[in-house]
Amino acid sequence: MRYPSLMLRLPQNTALRAGLLMVCAMGSFVCNDTIVKIVGAHLPVGELIALRGVMAMTILTAICASQGLLKDLPRIRQKNVLMRSTCDLFATVAFVTALVHMPIANLTSVMQAVPLAVALLSMLFLGEEVGWRRMIAIIGGFIGVLMIVKPSVSNFSVYEVLALAIVLFVAVRDLLTKTIPARIPVFVIALANAGFVTVGGLALMLFQGFVRPEAWQVGLLALAACFLSSGYLLMVATLRLGELTGTAPFRYSVMIFAIISGILVFGEFPDWIAILGMVLIVVCGLYAAHREARRSKALSDSAEMPAP
């Protein structure tokens, strides 16, 4: 007797499948951040980064080995890959430090301004044309960031400064990513990043000292490394199925996951000003992605037009 398959299947629509994978990736990243925030209350930042980095490197090395990519490791010596990994190192140290001291939803929301920062840096340093509509979206997004961090003499701390620095580091990292040749596999770049971050964590331990971790902390960090690696895997799958601009609306699901995590795990409730800032960032980010998609399509159409 044959039984109907009970296996869950993704929708046949490619765009929707890519969107669902993006949601799963965002959920994985928030799970990683939640665990890091929990363990970060007990271990120094450098030690936490180093321990998780070793575990993430083990997972990524196994993935590269299974796909025959270890032969491509010498390619990480390229200047742009090294510069990207360095930016990722600084961003990771700043992010983990800020995450331990800031509400997870607030920090996650601030990070959603990265695409807007990329557009601004592209205009300032690469000469890319940014129309007045996208410029308004960029300004609106950063107003949203200010509504979340609420800079004032009374409550502005070094961690809010770190949150803004993270946006800059990640934006530069993403710009450098565009300059890396496509022949260098994504997982090899991810492994290079993990290596840089791990070494950076070990170096930070020289100044912060070492605290012998308990078994439950090591177990949670191993789980965090799994969530982090699965997030990278799901992101790769997403980008192979659909365009980044098409999955942008699903990307903002990370804020929903972060708000849920903040409330259920840490008892953090964002105030109404922060919520309005989050909404403003999402609206501006979606509009900027829409304008970028239209611009890319226009450039593509003009390139395909036959010469007169």
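Whatever comes next refers back to the structure up there.
Definitions and limits used
- Residues numbered from 1 in each chain as written.
- Predicted model: local features only at pLDDT ≥ 70, side-chain atom pairs only at ≥ 80, totals over all residues.
- Heavy atoms only, no water.
- Core = buried A, V, L, I, M, F, W, Y, C linked by side-chain atoms within 4.5 Å.
- Buried < 20%, exposed > 50% of the residue type's maximum accessible area, 1.4 Å probe, protein only.
- Helix = DSSP H or I, 4+ residues; strand = E, 2+ residues; numbered from the N terminus.
- Contact = heavy atoms within 4.5 Å.
- Salt bridge = Lys/Arg side-chain N within 4 Å of Asp/Glu carboxyl O.
- Phe/Tyr/Trp six-rings, centres within 6.5 Å; stacked < 30°, edge-to-face > 60°.
- Lys NZ or Arg CZ within 6 Å of the ring centre and 35° of its normal.
- Expected span 1.5 Å × (residues − 1).
- Axes fitted to C-alpha atoms, helices over the stretch in contact; angles between N-to-C directions.
- Parallel < 35°, antiparallel > 145°, perpendicular 65-115°, else oblique.
- Left-handed = near helix turned anticlockwise from the far one by under 90°.
- Polar contact = N/O pair within 3.5 Å; in protein donor to acceptor, adjacent residues only side chain to side chain.

Visitor: Sorry if this is basic, but what is going on with the nonpolar core here?
Guide: Most often, soluble globular proteins keep nonpolar side chains buried together rather than apart. Membership of the largest hydrophobic core comes to 56 residues, with the highest contact counts inside it found for Met26, Leu107, Val110 and Ile166. Tallying contributions element by element places helix α1 (residues 14–40) first for this core, with 9 residues. Those residues within four positions of Leu107 in sequence are excluded, and the remaining contacts are Phe95, Ala98, Leu99, Met102, Ala163 and Ile166.

Visitor: Help me out: how do you make sense of the pattern of salt bridges in this one?
Guide: Between side chains of opposite charge, a pair can form as their charged atoms come close. The tally for this structure, following the rule as stated, stands at 4 salt bridges. Arg173 is the partner of Asp174 in a salt bridge, and the nearest nitrogen-oxygen pair spans 3.2 Å. Overall, the relative accessible area of 23% leaves Asp174 in the partly exposed class. Since its relative accessible area comes to 19%, Arg173 is described here as buried. One salt-bridge network, in which partners are shared between bridges, spans Asp88, Arg173 and Asp174.

Visitor: Hey, could you run me through the packing of aromatic side chains in this one?
Guide: In this description, a pair of aromatic rings is defined by centroid distance and the angle of the planes. Applying the stated criterion across every chain yields a total of 2 aromatic pairs. With 5.8 Å between their ring centres and 75 degrees between their planes, Phe29 and Tyr232 make a pair best called edge-to-face. Taken together, the residues span a long stretch of sequence, with Phe29 in helix α1 and Tyr232 in helix α9 (residues 215–241) at a distance of 203 residues. Judged by centre distance (5.6 Å) and plane angle (25 degrees), the ring pair of Phe90 and Phe169 falls under stacked. Remark: Phe169 occurs in helix α7 (residues 158–178) and Phe90 occurs in helix α3 (residues 79–101); sequence separation between them is 79 residues. Above the ring of Phe266, the side-chain terminus of Lys37 is found at 5.3 Å from the ring centroid.

Visitor: Would you explain helix α5 (residues 114–125) in this entry?
Guide: Helical geometry: 3.6 residues make up each α-helical turn, so side chains three or four residues apart lie on a common side. With 12 residues, α5 should reach 16 Å at 1.5 Å per residue; the first-to-last C-alpha distance of 16 Å fits that figure. Regarding α5, the residues found buried are Val114, Leu116, Ala117, Val118, Ala119, Leu121 and Ser122. The positive-phi residue at the C-terminal boundary of α5 is Gly127, with phi of around 70 degrees.

Visitor: Help me understand helix α4 (residues 104–111), please; the structure alone is not making it clear to me.
Guide: Burial analysis of α4 places 8 of its 8 residues in the buried class, which makes it a mostly covered element. For α4, the complete set of buried residues consists of Ile104, Ala105, Asn106, Leu107, Thr108, Ser109, Val110 and Met111.

Visitor: Help me out: how do you make sense of the environment of Val170 in this one?
Guide: Turning to its location among the elements, Val170 is positioned in helix α7. For Val170, a relative accessible area of 7% corresponds to the buried category. Separated by 59 residues in the primary sequence, Val170 and Met111 place their C-alpha atoms 8.7 Å from one another. Here Val170 is in contact with Ala91, Met111 and Val114, once residues within four sequence places are set aside.

Visitor: Please explain the packing of α3 against α7 as it appears in this structure.
Guide: Helix-helix packing is characterised by the crossing angle of the two axes and by the distance between the axes. Interhelical geometry of α3 versus α7 gives an angle of 155 degrees and a closest axis separation of 8 Å. By the angle between their axes, α3 is roughly antiparallel relative to α7. Here α3 runs over α7; the crossing is left-handed. Touching Met83, Arg84, Cys87, Asp88, Phe90, Ala91, Ala94, Phe95, Thr97, Ala98 and His101 of α3 are Tyr159, Leu162, Ile166, Phe169, Val170, Val172, Arg173, Leu176 and Thr177, all from α7.

Visitor: Can you walk me through the environment of Ala98 in this structure?
Guide: Within the element layout of this structure, Ala98 appears in helix α3. The buried category is assigned to Ala98, whose relative accessible area is 0%. Spatially, the C-alpha atoms of Ala98 and Val161 are 9.0 Å apart, while their sequence positions differ by 63 residues. When residues no more than four places from it in sequence are discounted, the contact partners of Ala98 are Leu107, Tyr159, Leu162 and Ile166.

Visitor: Mind showing me how you'd approach the side chain of Ser122 here?
Guide: Within the secondary structure, Ser122 is located in helix α5. Classification of Ser122 as buried rests on a relative accessible area of 2%. Within the structure, the side chain of Ser122 is placed 2.8 Å from the backbone oxygen of Val118, a separation counted as a polar contact. When residues no more than four places from it in sequence are discounted, the contact partners of Ser122 are Gly127, Glu128 and Leu175.

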